[in-house]
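# Examining the three-dimensional arrangement
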Amino acid sequence: MTSVKSDFLRLLTERRYIHQCTDLEGLDALAAEKAPFAAYIGFDATAPSLHVGSLVQIMMLRRLQQAGHKPIVLMGGGTTRIGDPSFRDESRPLLDDARINANLAGIKRVFSKFLTFGDGPTDAVMVNNDDWLSGLNYIAFLRDYGRHFSVNRMLSQDSVKIRLDREQNLSFLEFNYMILQAYDFVELAKTYGVRLQMGGSDQWGNIIQGVELGRKAADLQLYGLTSPLITTASGAKMGKTANGAVWLNEDARSPYDYWQFWRNTEDGDVGKFLRLFTELPEAEVARLEALQGAELNDAKKILATAATTLAHGQDAAEAAAETARKTFEEGAAADTLPKVAVEVGAGVPVYELLVKAGMAASNGEARRLIKGNGVRLDDVAVTDEFAKVTTLGSTGTVKLSAGKKRHALIVAG
RNA sequence: GGAGGGGUGGCCGAGCGGUCAAUGGCAGCAGACUGUAAAUCUGCCGACGAAUGUCUACGUUGGUUCGAAUCCAACCCCCUCCA
């Protein structure tokens, strides 16, 4: 990768956001011009919130805006009704329209945290591809655009290879996904002057189809840029934890849990995550990344607070950091921990508390957890699986812990 | 339409009339060691119950049998070959 001239690509390169680009020099020249250009990333509405798996993409749009260009957020209201088969070994159940619309509403909220929306030349804009896809005329579409797609070519895409190799059914419906995504790109190029589509590396094939369609059908010079798939140092896909996916919406995962997710980053990922998910200066990242042993924990805290600030705001991030500090470093029961209100009465079995606190899925699981020596009340191990809490003591609260990391406060209720 | 193969717990994958809540692996949870890390080792891993136990589960619905994930029938879905 030769040296790039534009602020945008220099930033993305330095921060390791780039996996592949259709034409790095051409894009660099475009980005180096004074006038802002528009770029987009599409997000399908498969869940009520986006999770950290989409965070690289969100950050790329943010970086684009910081570099003085215009981010377009494409909501996949239309394409979600098809379902992207890329790198999936089987089709997903189709979502109904009500579900999709509810998901869209949830997903939209996160973008306001990362981007500035408005009417200005570099303000972000949100559009929905259902607006132009749902009204397409089939025959006209096939004649105008369908003729530019080669089935031979599409069948050779890596993204559908898994499905074909495993002899899993790939329906014609799903097969059309890449065509519609390509059409989206051209549509956005025509109406918003979009020149670049970004996305995860799994979107490369779909993006190229769009770039080529632009050239063949509309004589447009379009660009594609993908980010690397983010895995942890030990090889796992990023973003899965005990509590499931790491959602970006506050109502799906609390800022405290979100902070904890980043705090528990593996050693080998600290530098990578600081670059991708925070805006600390490169020199500071290099310093933090070089810390050794237990000192790396300081870097992880900085990472956690910085990343949480972006998603949930500074106040929430600092509150989360403080809750964690009290809980883990002082061993105190920070009163900002999740609370479980109970009627103590004649005594409540500890296993019931665990279930109420969401630390166990069933009474049986809760009791096993106790038997396995994993439960503590105010830091005293519970040894009897049928132990009961009979009093909340003078403070009126008892700290309930499942393992070393999961804590809740029991309060009268 | 014809012939054949297949659908098992979150995933992969054994089982092929009783001893099967179902081997094994992965994932997950907990313990030990540590640094709220990784790796490693150990335990747990359907629900309910204090418990002998009860209930729900092997695509769906029926049947055979004292007894079925295992046999039979019909149906649904997937795959391969032929048309």
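Rules of the game
- Residues numbered from 1 in each chain as written.
- Chains lettered and ligands numbered in written order.
- Predicted model: local features only at pLDDT ≥ 70, side-chain atom pairs only at ≥ 80, totals over all residues.
- Heavy atoms only, no water.
- Helix = DSSP H or I, 4+ residues; strand = E, 2+ residues; numbered from the N terminus.
- Contact = heavy atoms within 4.5 Å.
- Areas by Shrake-Rupley, 256 points an atom, 1.4 Å probe, with all protein chains shown as cover.
- Lys, Arg positive; Asp, Glu negative; His and termini not counted.
- Charge placed at Lys NZ, Arg CZ, Asp CG, Glu CD.
- pLDDT = per-residue confidence, 0-100.
- Patch = residues over 30% accessible without salt bridge, like charges linked within 9 Å, V, L, I, M, F, W, Y side chains within 5 Å.
- Salt bridge = Lys/Arg side-chain N within 4 Å of Asp/Glu carboxyl O.
- UniProt positions renumbered as here; feature names shortened; annotations may be inferred.
- 1 Å grid on protein atoms, 1.4 Å probe; cavity = no way out; pocket = protein on both sides within 12 Å on 5 of 7 lines; lining within 4 Å.
- Buried < 20%, exposed > 50% of the residue type's maximum accessible area, 1.4 Å probe, protein only.
- Polar contact = N/O pair within 3.5 Å; in protein donor to acceptor, adjacent residues only side chain to side chain.

## Some details on the overall build of chain A
Counting its secondary structure elements, chain A contains 18 helices and 15 strands. The dimensions of chain A, computed from C-alpha atoms along their principal axes, are 75 × 50 × 40 Å. Considering only residue pairs separated by 6 or more positions, chain A has 72% of its internal contacts joining residues 24 or more positions apart. Accessible surface computed for chain A: about 19,500 Å², of which carbon and sulfur atoms make up 49%. Counting 47 positive and 51 negative side-chain charges, chain A places the averaged centre of each group 2 Å from the other.

## A look at the side chain of Gln 181
Mapping Gln 181 onto the fold places it in helix H10 (residues 177-192). Discounting chain neighbours no more than four positions away, the residues touching Gln 181 are Tyr 40, Gln 197, Gln 203, Asn 206 and Ile 207.

## Looking at the confidence of the model for chain A
Scored by pLDDT, chain A has a mean of 90; 96% of the residues are at 70 or more. The weakest mean pLDDT in chain A belongs to strand S7 (residues 240-241) at 64; the strongest belongs to strand S3 (residues 70-75) at 98. ipTM for the predicted complex: 0.86, alongside a pTM of 0.90.

## Brief notes about unusual backbone geometry
A positive phi is found at Asp 219, a non-glycine position, where the angle reads about 55°. Structurally, Asp 219 can be placed in the loop between helix H11 (204-218) and strand S6 (223-227). In this structure, Asp 379 is a non-glycine residue whose phi angle is positive, near 70°. Mapped onto the elements of the fold, Asp 379 is located in the loop between strand S11 (375-377) and strand S12 (380-381).

## Quick word on a nonpolar patch on the surface
A grouping of Tyr 138, Ile 139, Leu 142 and Phe 172 is seen on the molecular surface, where their side chains present a nonpolar patch of about 450 Å² in accessible area. When residues in the nonpolar patch are grouped by element, the largest group, three residues, is from helix H6 (residues 138-144). By secondary structure assignment, the location of Tyr 138 is in helix H6.

## Considerations on the UniProt feature "binding site: L-tyrosine" (unreviewed entry) in chain A
The feature "binding site: L-tyrosine" (unreviewed entry), as given by UniProt, occupies Tyr 40, Tyr 177 and Gln 181 in the numbering adopted here. The annotated residues named above include Tyr 177 as those lining the largest cavity. Inspection of the secondary structure assignment puts Tyr 40 in strand S2 (residues 38-43). Under the relative-accessibility criterion, Tyr 40 is labelled buried at 0%. A polar contact of 3.1 Å, which involves the side chain of Gln 181, links it to the side chain of Gln 203.

## A few points about the pattern of salt bridges
One pass over the full model with this rule turns up 20 salt bridges. Here Arg 325 ties to Glu 330 by a salt bridge, and the two come within 3.0 Å at their closest N and O atoms. Judged by its relative accessible area of 32%, Arg 325 is partly exposed. Residue Glu 330 is classed as partly exposed on the basis of its relative accessible area of 48%. Asp 379 is paired through a salt bridge with Arg 376; the nearest N and O atoms lie 3.8 Å apart.

## Some thoughts on the environment of Pro 36
Within the element layout of this structure, Pro 36 appears in the loop between helix H2 (24-32) and S2. Look at Pro 36 and you get partly exposed, because its relative accessible area is 37%.

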